[in-house]
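# A structural walkthrough
Here is what each chain is made of, one letter per residue.
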Amino acid sequence: MTSNGPGLKSLRIQSDHEEARRARHWVKQHITAAGFSGEDRAECVLAFGEALSNVVRHACDGRPDEPIDIELQVRPDQVRIVIRDGAPRGFNPPREIKAPAAEDLAEGGYGVHLIQQLVDEVRYLRTGDGFNELHLLKRSGLSRREAS
Amino acid sequence: MNIEIETKDGWTVFHLDGDLDSGSSAEMQSRFMKLLESGQNSFLVNLEKVNYLDSSGLAALVKLYKEVRTRGGSLALCAVQRDAMKIFQLTRLDKIFTIYPDAASAKAA
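So, here is what we can say about the structure in this document. What you see is a predicted model; the values in this text were computed from it and never measured.

## Section: the pairing of strand β2 (residues 11–17) of chain B
All names here are of chain B. Of all seven residues in β2, five are buried, a share of seventy percent or more. Where strand β1 (residues 2–8) meets β2, seven bridges bridge the pair, whose relative direction is antiparallel. In the strand pairing of β2, E4 is matched with H15. Where β1 folds back onto β2 in an antiparallel hairpin, the turn is made up of two residues, including D9, whose phi is positive at roughly 55°. Where β2 and strand β3 (residues 42–49) come together, five bridges link them in parallel fashion. Considered in β3, the bridge of H15 is made with N46. The β-α-β motif built from β2, the intervening helix α1 (residues 25–37) and the parallel element β3 has right-handed crossover chirality.

In structure tokens:
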């Protein structure tokens with residue numbers, strides 16, 4: 001990973017659901033300690049959980065022992081998360097996706113739409129050294145209101 | 001996830017405790033389907049102790065809701081916590097599911 005700075009934390013997990021749960025709790029713990037609470041915290045944890053779940057399911061293709069690195073940078077006004085894996089093909093969420101209509105009772109297809117609704121930026125990169133990076137940026141509600 | 005099943009007064013109540021996510025939704029679905037196939041058809045899913053629910057958990061609930069309806073039964077939810085309610089609101093599925101504040105209200109309805 002290339003970014004550095006204050007408040008930077010990192011965690012390596014394996015690509016299975018238990019490990020994904022551990023990572024979610026790790027993110028929640030750190031952003032709570034940094035003062036994120038209520039809706040901002042819930043939205044951030046859910047977006048991260050959805051993104052990581054997609055990486056585990058699609059990029060790692062069900063293999064439970066692929067390493068996934070998570071980088072977390074928390075500032076009072078925003079949270080940046082990078083999910084990095086070495087799968088041949090990464091999870092690259094489409095930029096625009098229509099949510100399934102509630103009345104259609106779809107049994108899937110909600111995840112990417114939720115990520116886009118919950119965070120301010122989603123960016124996928126394929127690095128020169130062959131890794132996939134999914135970048136999420138979540139601004140706090142207060143910082144969004146100040147910017148508008 | 002810990003799942004306790006209570007059958008009383010014609011209701012089958014699933015008390016879920018833990019995260020309802022891609023790692024736990026299959027087990028919930030499997031236990032639910034066994035009861036549905038055994039002939040029970042009034043279900044309540046108590047989410048009081050579920051603080052995290054993701055799109056996999058949501059998809060599992062939608063699938064069960066459809067299965068129950070196909071058999072002429074009912075499935076309602078209760079005690080959805082604030083963080084978990086977010087996902088119902090964003091997908092507008094809060095307009096589809098009947099959601100009670102708690103188990104007692106559901107049984108009294």
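## Description of the pattern of salt bridges
For the coordinates displayed, the defined rule picks out 22 salt bridges over all chains. The salt bridge partner of E43 of chain A is K138 of chain A, with a shortest N-O separation of 2.5 Å. Separated by 95 residues along the polypeptide, E43 of chain A in helix α2 (residues 38–59) and K138 of chain A in strand β5 (residues 132–139) bring together distant segments of the chain. In terms of burial, E43 of chain A and K138 of chain A fall into one category: buried. A salt bridge links E67 of chain B to R71 of chain B; its shortest N-O distance comes to 2.8 Å. Here E67 of chain B falls in the partly exposed class, since its relative accessible area comes to 23%. Because the salt bridges share partners, they merge into one network encompassing E18, R21 and R24 of chain A together with D19 and D21 of chain B.

## Looking at the environment of G57 of chain B
Residues and elements named next belong to chain B. For G57, the position within the fold is in helix α2 (residues 55–70). G57 sits 31 residues away from A26 along the chain, and the two C-alpha atoms are 8.7 Å apart. In this view, G57 contacts L20, D21 and S25; residues no more than four positions away in its chain are not counted.

## Looking at the interface of chain A and chain B
In this assembly, 26 residues from chain A lie in contact with 26 residues from chain B. For the pair chain A and chain B, the two sides together bury roughly 2200 Å², of which 57% comes from carbon and sulfur. Looking only at chain A, the three residues that lose the most surface to chain B are L105, E107 and Y110 of chain A, adding up to 29% of its buried area. At the junction of chain A and chain B, the tally comes to seven salt bridges. With a shortest N-O distance of 3.0 Å, K66 of chain B and E107 of chain A are connected by a salt bridge. Counting across the interface, chain A meets chain B through 10 residue pairs in polar contact (both at pLDDT 80 or more). Listing elements by their share of the side of chain A that touches chain B, those giving two or more residues are α1 (17–33), α2 and α3 (111–118) of chain A. It is α2 of chain A that contributes the most residues to the side of chain A that touches chain B, 10 residues altogether. Counted by class, the side of chain A that touches chain B contains nine nonpolar, nine polar and eight charged residues.

Basis of the calculations
Residues numbered from 1 in each chain as written. Chains lettered and ligands numbered in written order. Predicted model: local features only at pLDDT ≥ 70, side-chain atom pairs only at ≥ 80, totals over all residues. Heavy atoms only, no water. Buried < 20%, exposed > 50% of the residue type's maximum accessible area, 1.4 Å probe, protein only. Helix = DSSP H or I, 4+ residues; strand = E, 2+ residues; numbered from the N terminus. Pairing = 2+ DSSP bridges. Right-handed = clockwise from strand over helix to strand, strands pointing away. Salt bridge = Lys/Arg side-chain N within 4 Å of Asp/Glu carboxyl O. Contact = heavy atoms within 4.5 Å. Buried area = accessible area lost by both parts, 1.4 Å probe. Polar contact = N/O pair within 3.5 Å; in protein donor to acceptor, adjacent residues only side chain to side chain. Nonpolar A, V, L, I, M, F, W, Y, C, P; charged D, E, K, R; others polar.

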